[in-house]
Amino acid sequence: MLYTKRKEAAMSQLAQIRRSIKSIKTTKKITHAMRLVSMSLYSRLEGTQRGYDELRSYVRTLISRLIATSPEWTDEILIPQARFDSTPLIIFISTTKGLCGTFHNILARYFENKCPINKKSFIHQGGQDPFFITIGTRGTDFINKKIVEWNRGKIIKSYSEVTPSHTAKISSDIVEAIYSAEKIFSSVTIYSNRFVNFFSHPPSITEVLPLTTTMEEHKPQVGKRSKFKKTPKEIDVTQEFVWEQEKDTTLRTIARQYVRIIVEEAIISSITAEHSARFSSMDGATQNATKMIDQLSIKANKMRQALITKEVAELSSNL
């Protein structure tokens, strides 16, 4: 009787292990499929990301030279004259989907440490009234919590999901929001994960506005693990330009396009970094699933062999 109960318990445990193996195999198929999808999307975006880097560098050099030859030019939106950063606009770009490790959490901690709005003394001193544009569902949830914590701030636009085909429309929409706002923003800053290489995508700050003559503030301020190595070209202030249209109109148009390029490049960089992070996470999950399946299979085989041995021993003793 006792032997029968032990046998039933062992059989039940063996059946449970087999169910676990089957469940892990199903999960492994999902993680492997997501791994392949992330790698495919990353491969397509990597070339696009490099193209945006070159475009931004070229347009930055062009507008730097144009502004250097026209020091009298000014624009209340692109070059706000606010003494205090009282109405900042912060564009927070986070993940559109999950399953990419600590991608969002690292950016959230970086924002809490670096954002001056998080410092209560700065808020009370400057009377700061921040505005936000959030990209990604997790980013929207995070900023909403911070607004409740600070008891100030407002999200003027939010985008739950972003795909590479929609980045141009979203960036144009954001630039339009900057120009059509009731209050002139004293500054525009982007917080996002910047793509450096496949294994490195640290959080970064990108200053969008105000524009400056040398455009130095437009360099992304990447975290300690990565440095921005590109240097702007020399600005030839003696070069003459032929202005086919009014100088003010031309500068406004180019500067507006430059702002759009900065925003779009930051979104593309974040999406590229997100897919590389998701690939690494799913690749690790797939490898862990394989190890668990191997361990459980060995355990199940040992239990099965033990049951067979006991059956043979019982039959032998009854002969």
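Residues numbered from 1 in each chain as written. Predicted model: local features only at pLDDT ≥ 70, side-chain atom pairs only at ≥ 80, totals over all residues. Heavy atoms only, no water.

> Which residues make up the pattern of salt bridges, and what values do they have?
With the rule as written, the count across this model stands at ten salt bridges. With its nearest N and O atoms 3.5 Å apart, the salt bridge here joins K157 to D173. Remark: D173 occurs in helix α5 (residues 167-180) and K157 occurs in strand β3 (residues 154-159); sequence separation between them is 16 residues. For K157, a relative accessible area of 26% corresponds to the partly exposed category. Classification of D173 by relative accessible area gives partly exposed; the value is 25%. When salt bridges that share partners are traced, they join R56, R194 and E265 into one network. (Salt bridge = Lys/Arg side-chain N within 4 Å of Asp/Glu carboxyl O. Helix = DSSP H or I, 4+ residues; strand = E, 2+ residues; numbered from the N terminus. Buried < 20%, exposed > 50% of the residue type's maximum accessible area, 1.4 Å probe, protein only.)

> Let's hear about helix α4 (residues 137-150): which residues, and what values?
Between the first and last C-alpha of α4 there are 20 Å, a value that for 14 residues agrees with the 20 Å anticipated at 1.5 Å per step. Where α4 is buried, its residues contact β1 (88-93), α2 (103-114), β2 (131-135) and β3. Downstream of α4 by a residue or two, N151 has a phi angle that is positive, lying close to 60°. (Expected span 1.5 Å × (residues − 1). Contact = heavy atoms within 4.5 Å.)

> If you had to explain the pairing of β3 to someone new, which residues and values would you point to?
Relative to β3, β2 runs parallel, the two sharing five bridges. Pairing of F131 across the sheet is with K154, part of β3. Handedness of the crossover is the feature at issue here: the chain leaves β2, passes through α4, returns alongside β3, and the resulting connection is right-handed. (Pairing = 2+ DSSP bridges. Right-handed = clockwise from strand over helix to strand, strands pointing away.)

> Describe in detail the side chain of S270, supporting the description with residues and values.
As for its position among the elements, S270 is in helix α6 (residues 247-318). On the basis of relative accessible area, S270 is assigned to the buried category, the value being 1%. In this structure S270 touches I93, S94, F103, S192 and N193, once residues within four positions along its chain are discounted.

> Please provide a residue-by-residue account of the packing of α2 against α4, values included.
Two elements in contact, α2 and α4, have axes whose closest approach is 11 Å; the angle formed by their N-to-C orientations is 30°. For the element pair α2 / α4, the angle class is roughly parallel. Note on packing geometry: the crossing formed by α2 with α4 is right-handed. Note on element contacts: α4 touches α2 through R138, G139, F142, I143, K146 and W150, opposite H104, N105, A108, F111 and E112. Class assignment for the residues of the contact of α2 with α4 results in five nonpolar, three polar and three charged. (Axes fitted to C-alpha atoms, helices over the stretch in contact; angles between N-to-C directions. Parallel < 35°, antiparallel > 145°, perpendicular 65-115°, else oblique. Left-handed = near helix turned anticlockwise from the far one by under 90°. Nonpolar A, V, L, I, M, F, W, Y, C, P; charged D, E, K, R; others polar.)

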